[in-house]
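# Per-entry structural report
These are the residues of each chain, in order.
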Amino acid sequence: MNTSNEVAAAACPVCSKDFPLKEIEIHVNKCLFLNAPEPESPSSSSKRPSFSVEEPNPKRLKVVENNGTPQVHNSKTEEVSPHNSKKASITSGIPLAEQVRPECLDEYVGQDHVLGGDKILRMLLDKHDIPSMILWGPPGCGKTTLAHVIASRSKLRQGTRFVKLSATMSGVNDVKEVVKIASNEKRNFKRRTILFMDEIHRFNKLQQDIFLPHVENGTIILIGATTENPSFSLNSALLSRCKVFVLEKLQSENLFLILKRALNALGCSIVAGEDDSTHSSDDDSSEEENCAKRWSIERKSVQWLADMCDGDARNALNSLQMALQAKINDDGESHISLGDIQEGIKRSHLLYDKKGDEHYNIISAVHKSIRASDANAALYWVTRMLEGGEDPVFVGRRLVRAAAEDIGLADPSALPMAVAAMQGCQLLGMPECDVILAQCAVYLARAPKSQEVYRALLAAKQTISNQKGPQPGVPLHLRNATSKLAKELNWGKNYNMRHKDISGLTYMPEGLENVDFFQRH
């Protein structure tokens, strides 16, 4: 069997024979349920399954003698050592991020708060006691890579299968098919099935119910990856059955290490720039190996790229690949400077989703910075939102709210200014309105603060919501007598326009005459 067929083949769990992926499902069903003879030649009429199964191939196992005792070894699925350098190519057509994806936990970079040596997830993975979990984090932080590492470790285990699906390409029927095979595997061969569902938030909450019984009874171990807050995007019943692990944006030093490994895999050495005297070289290769490398890149270029990708390793690697493809000469020899990187790559994104958590997190930071009179922070967060593509009118509306809630009567001109800023955004739009919002945010942050009206409003709301029985009626002397009948009912009787202290009238409803919402505590 040639290499291309091996890649597109999988082993039947019943007869241990290799079949093309497009035929394996039919063959397994025949082996398990129909006990039918295997086909002599693969048919091309069946539909290729939409999921991939990664498990050890019995044909690749070899038996060796150790003190007279046969031992089974897998010649192809030994866990990769972090010291075994990978080879990558910028002309292969495969994204660089995929080419240099780690195969073991020792190669995994970042997320020490969940994968450190003394962390529970790391200890469970080392024991291969994998729980159902949800990996929540921003793009490019390592969610899919962690699942890939778990898949690589599963290949070493004869009692574990790993199936990968993406909610962007698969549906409930695909999940049902995986569960059907997983149930047979568990019942007949005592093999566990790990199902990795990428972008699991793309399934609506009704579709997510398909996982519940099978996760609960252990038919599958679910690993879901999502960039959305699980509290809002995932079924609460599913969350109660899975442990949520929060992955964070990678730090610049993490991205630098990832880029450094990728450059080593590409055969590119990292050298000091003309004005960089603090680092002679960041390449771990020997001097002879560096001389043999035809590509070189300045260290500050790699550091700039690590700093500019906002913690997204995928973006950093793909940007590096694009820069190399544009710069490498036909003869394969080239030197890449910081100017070359900056010329070809601009900061293409910030971690800012106008419908996601960052949308609400950053606007909350704006409001709280204004409340704390930190003009510097208020300006930063407003600018961060605008640079991320936020609607300036939305920012303006929030500034209006901040002016009324936190400045209040301490500076009555703050509210008209905020309203004018919002209207200016509607008239001008971006990018001209950015300075309007900046000026308004700084003014509000520097203005004196008073929450007297806001807190009185909260007290009034609480009084109304805590009222026992029906809400009290409007006093008769405050009612508007618009008809003869109303006057006969004494509506508006004895009303006068004098101050409440000398009018002899009460303006609060009966039973609340002595309530003072502005009373200071």
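A brief structural summary. Note that the coordinates shown come from a computational prediction; the quantities given were computed from them, not determined experimentally.

Turning our attention to the overall build of the protein chain. Each helix and strand counted, the protein chain has 24 helices and 13 strands in total. Sorting the 521 residues of the protein chain into buried and exposed places 43% on the buried side. Considering only intrachain contacts with a sequence separation of at least 6, the fraction spanning at least 24 residues in the protein chain is 69%.

On to helix α6 (residues 143-154), then. With twelve residues, α6 ought to run about 16 Å at 1.5 Å a step, and its terminal C-alpha atoms sit 17 Å apart, in line with that. For α6, a buried count of eleven out of twelve residues is recorded, marking the element as mostly surrounded by other parts of the structure.

Attention now moves to the pattern of salt bridges. The tally for this structure, following the rule as stated, stands at ten salt bridges. The partner of R241 in a salt bridge is E216, with the nearest N and O atoms 3.0 Å apart. Of this pair, R241 sits in the loop between α11 (236-239) and β10 (243-246) while E216 is found in helix α9 (residues 212-216), placing the two residues 25 residues apart along the sequence. Connected via shared salt-bridge partners are R371, R401, E405 and D406.

Where nonpolar side chains cluster on the molecular surface, the patch consists of L409, V453 and F518 and spans about 290 Å² of accessible area. Mapped onto the elements of the fold, V453 is located in helix α22 (residues 452-465). Owing to a relative accessible area of 39%, V453 belongs among the partly exposed residues under this scheme.

With that settled, consider the packing of aromatic side chains. Per the stated rule, a full pass over the model turns up two aromatic pairs. Aromatic side chains F203 and F211 sit 6.0 Å apart centroid to centroid with 20 degrees between the ring planes, which places their arrangement in the stacked category. With respect to class, F203 is no different from F211; both count as buried.

With that out of the way, let us pick up the environment of P95. Positionally, P95 belongs in the loop between β5 (69-74) and α3 (96-99). Note on P95: relative accessible area 42%, which makes it partly exposed. Linking P95 and R314, residues 219 residues apart in sequence, is a C-alpha distance of 9.0 Å. Those residues in contact with P95 that sit more than four places away from it in its chain are N318 and Q321.

Another point: the side chain of H477. One can find H477 in the loop between α22 and α23 (484-488). Residue classification places H477 among the buried positions, given a relative accessible area of 15%. From its side chain, H477 meets the backbone oxygen of T506 in a polar contact 2.7 Å long.

If you walk across this open sheet you meet the three strands as β11-β12-β13, and the pairing is parallel. The sheet terminates laterally at β11 (268-271) and β13 (334-336), the two strands that pair on one side only. Looking at each pair of strands side by side, their axes are set apart by 25 degrees on average, direction ignored. Note that strand β12 (residues 295-298) and β13 share three bridges and pair parallel. Pairing of W295 across the sheet is with S334, part of β13. Helix-sheet contacts for helix α14 (residues 299-308) involve β11, β12 and β13, and the interaxial angle to β12 is about 65 degrees.

This part is about the environment of E298. Along the polypeptide, E298 turns up in strand β12. It is 5.4 Å that separates the C-alpha atoms of E298 and A272, two residues lying 26 residues apart in sequence.

Turning next to unusual backbone geometry. Residues M430 and P431 are joined by a peptide bond in cis, for which omega reads 5 degrees. As for its position among the elements, P431 is in the loop between α20 (414-428) and α21 (434-446). For D310, which is not glycine, the phi dihedral falls at a positive 55 degrees. Here D310 shows up in the loop between α14 and α15 (313-327). Using a relative accessible area of 14% as the deciding quantity, one classes D310 as buried.

Here the focus is the nonpolar core. Generally speaking, nonpolar side chains in soluble globular proteins are found buried as a group. One finds L96, L259, L263, I297, L317 and L320 to be the most contacted residues of the largest nonpolar core, which totals 33 residues. For this core, the secondary-structure elements that each account for two or more residues are α3, α12 (252-266), β11, β12, α14, α15 and α16 (338-344). Looking at this core element by element, the count peaks at eight residues for α12. Leaving out residues up to four positions away in the same chain, I297 has contacts with L263, C268, S269, I270, V271, V302, L320, H335, I336 and I341. By size, the runner-up hydrophobic cluster in this structure holds 30 residues, among which are A402, I407, L444 and A445.

Each pair of packed helices can be described by the angle between their axes along with the distance between the axes. Axis separation between helix α18 (residues 375-387) and helix α19 (residues 392-407) bottoms out at 10 Å; the angle between their running directions is 155 degrees. For the element pair α18 / α19, the angle class is roughly antiparallel. When you trace α18 past α19, the crossing you get is right-handed. When α18 is examined against α19, the residues V382, M385 and L386 are found in contact with a partner set consisting of P392, F394 and V395.

Calculation notes
Residues numbered from 1 in each chain as written. Predicted model: local features only at pLDDT ≥ 70, side-chain atom pairs only at ≥ 80, totals over all residues. Heavy atoms only, no water. Helix = DSSP H or I, 4+ residues; strand = E, 2+ residues; numbered from the N terminus. Buried < 20%, exposed > 50% of the residue type's maximum accessible area, 1.4 Å probe, protein only. Contact = heavy atoms within 4.5 Å. Expected span 1.5 Å × (residues − 1). Salt bridge = Lys/Arg side-chain N within 4 Å of Asp/Glu carboxyl O. Patch = residues over 30% accessible without salt bridge, like charges linked within 9 Å, V, L, I, M, F, W, Y side chains within 5 Å. Areas by Shrake-Rupley, 256 points an atom, 1.4 Å probe, with all protein chains shown as cover. Phe/Tyr/Trp six-rings, centres within 6.5 Å; stacked < 30°, edge-to-face > 60°. Polar contact = N/O pair within 3.5 Å; in protein donor to acceptor, adjacent residues only side chain to side chain. Pairing = 2+ DSSP bridges. Axes fitted to C-alpha atoms, helices over the stretch in contact; angles between N-to-C directions. Core = buried A, V, L, I, M, F, W, Y, C linked by side-chain atoms within 4.5 Å. Parallel < 35°, antiparallel > 145°, perpendicular 65-115°, else oblique. Left-handed = near helix turned anticlockwise from the far one by under 90°.

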